[in-house]
Amino acid sequence: MGKIDNQMIVLYEIADNADVRQYSAVSGERKGIATYNKKEKSYFYEGDDLQDFTDFVKNTLVGSVLKNKVLPAKIVHGFG
């Protein structure tokens, strides 16, 4: 299992269309793909455990769709 960066996560856009909003999530050596299906209104994450960032990733994708907000191709979130 890869090491997580406890202070930073980066989201990279994979797809954003009428059906799906999908971003890769990277923190340290851990990686995953977060997907929000706009038609079915369902969220799915596949990949390494991102620990403290799990809620941030989900809330960012789901919340932005529900609020009809456009996200940038790269999102960097850090704290500490």
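Scroll up a little and you will see the structure.
What counts, and at which threshold
- Residues numbered from 1 in each chain as written.
- Predicted model: local features only at pLDDT ≥ 70, side-chain atom pairs only at ≥ 80, totals over all residues.
- Heavy atoms only, no water.
- Core = buried A, V, L, I, M, F, W, Y, C linked by side-chain atoms within 4.5 Å.
- Buried < 20%, exposed > 50% of the residue type's maximum accessible area, 1.4 Å probe, protein only.
- Helix = DSSP H or I, 4+ residues; strand = E, 2+ residues; numbered from the N terminus.
- Contact = heavy atoms within 4.5 Å.
- Pairing = 2+ DSSP bridges.
- Salt bridge = Lys/Arg side-chain N within 4 Å of Asp/Glu carboxyl O.

With respect to the nonpolar core
Formed by Ile9, Leu11, Tyr23, Ala25, Ala34, Leu50, Phe53, Val57, Leu61, Leu71 and Ile75, the largest nonpolar core amounts to 11 residues. Those elements that provide at least two residues to this core are strand S1 (8-16), strand S2 (20-27) and helix H1 (54-66). Apart from residues lying up to four places away in sequence, Leu61 is in contact with Arg21, Tyr23, Ala34, Thr35, Tyr36 and Tyr43.

Notes on the pairing of strand S4 (residues 42-47)
In terms of burial, S4 is largely open, as just 0 of its 6 residues are buried. Bridge count between strand S3 (residues 30-37) and S4: 6 bridges; the pairing is antiparallel. Its bridge partner being in S4, Ala34 is matched across the sheet by Tyr45. Here S3 folds back onto S4 in antiparallel fashion, the turn holding 4 residues, of which Lys41 has a positive phi close to 55°.

Observations regarding the pattern of salt bridges
This model, assessed by the stated rule, comprises 3 salt bridges. In this structure, Asp16 and Arg21 form a salt bridge, with 3.0 Å as the shortest nitrogen-oxygen distance. A relative accessible area of 5% places Arg21 in the buried class. With a closest N to O distance of 2.8 Å, Asp16 and Lys38 form a salt bridge. Of this pair, Asp16 sits in strand S1 while Lys38 sits in the loop between S3 and S4, and the two are 22 residues apart along the sequence. Here Lys38 falls in the partly exposed class, since its relative accessible area comes to 22%.

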